[in-house]
Amino acid sequence: MTTGFIEFLMGPRITIADLKAYERRSLITKEQFQSTLKNIDIILKWAHEYDEVKTSEKLIYSLAEKKPQKKIACINAETGEIICYS
């Protein structure tokens with residue numbers, strides 16, 4: 001713990017055959033994804049960055065719901081539900 005070296009590591013045992021047999025699938029349908037995108041608005045605003053020597057500004061994109069204009073925290077990958085900050 002004092003040297004920073006990894007002394008022991010455990011993880012799941014997955015073979016190459018298991019990885020090849022893994023079936024990838026989308027969690028939500030394209031229709032759910034499209035309806036979620038219709039409810040999202042992109043907000044562009046200036047942000048100040050304070051440095052020891054100077055102050056600068058940069059443009060920041062953020063996502064928000066269209067109707068109540070709440071900032072989006074995340075989107076549920078299984079349902080497509082928009083989860084906002086309270």
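Here the structure is a predicted model, which is why all the values come from computation and not from measurement. (Residues numbered from 1 in each chain as written. Predicted model: local features only at pLDDT ≥ 70, side-chain atom pairs only at ≥ 80, totals over all residues. Heavy atoms only, no water.)

1. Comments concerning the confidence of the model for the chain
With 97% of its residues at a pLDDT of at least 70, the chain reaches an overall mean of 84. Per-element confidence in the chain is highest for helix H1 (residues 16–21), whose mean pLDDT is 89, and lowest for strand S3 (residues 72–75), whose mean pLDDT is 86. (pLDDT = per-residue confidence, 0-100. Helix = DSSP H or I, 4+ residues; strand = E, 2+ residues; numbered from the N terminus.)

2. As for the environment of Thr79
Examined against the element boundaries, Thr79 turns out to sit in the loop between S3 and strand S4 (82–84). With relative accessibility at 42%, the residue Thr79 sits in the partly exposed group. Engagement of the side chain of Thr79 in a polar contact is seen with the backbone nitrogen of Glu81, the distance being 3.2 Å. (Buried < 20%, exposed > 50% of the residue type's maximum accessible area, 1.4 Å probe, protein only. Polar contact = N/O pair within 3.5 Å; in protein donor to acceptor, adjacent residues only side chain to side chain.)

3. A look at the side chain of Glu65
Summarising the element assignment, Glu65 is placed in strand S2 (residues 55–65). Put simply, Glu65 is tucked away with no salt bridge, and the nearest opposite charge, on Lys70, sits 5.9 Å away. Among all residues touching Glu65, those that are not within four sequence positions of it are Asn39, Lys70, Ile72, Ile82 and Cys84. (Lys, Arg positive; Asp, Glu negative; His and termini not counted. Salt bridge = Lys/Arg side-chain N within 4 Å of Asp/Glu carboxyl O. Contact = heavy atoms within 4.5 Å.)

4. Looking at unusual backbone geometry
In the Ramachandran plot, Gln69 falls in the positive-phi region, its phi being about 55° despite a non-glycine side chain. For Gln69, the location among the structural elements is in the loop between S2 and S3. On the accessibility criterion, Gln69 (40% relative accessible area) is partly exposed.

5. A look at the pattern of salt bridges
If you walk through the whole model with that rule in mind, you get one salt bridge. Ionic pairing is found between Glu49 and Lys58, a salt bridge with its closest N-O pair at 2.8 Å. By relative accessible area, which is 35% here, Glu49 ends up partly exposed.

6. Description of the pairing of S3
As a general feature of sheets, a regular strand has side chains that alternate between the two faces. Taken together, the three bridges between S3 and S4 define a ladder with antiparallel strand orientation. Paired with Cys74 across the strands is Ile83, a residue of S4. From the end of S3 to the start of S4, which pair antiparallel, there are six residues, and Gly80 there has a positive phi angle of about 80°. (Pairing = 2+ DSSP bridges.)

7. Brief notes about a nonpolar patch on the surface
On the surface, Ile42, Leu44, Trp46, Leu59, Tyr61 and Leu63 cluster together into a nonpolar patch covering about 680 Å² of accessible area. Counting residues per element, the ones that place at least two in the nonpolar patch are strand S1 (40–50) and S2. Structurally, Tyr61 can be placed in strand S2. (Patch = residues over 30% accessible without salt bridge, like charges linked within 9 Å, V, L, I, M, F, W, Y side chains within 5 Å. Areas by Shrake-Rupley, 256 points an atom, 1.4 Å probe, with all protein chains shown as cover.)

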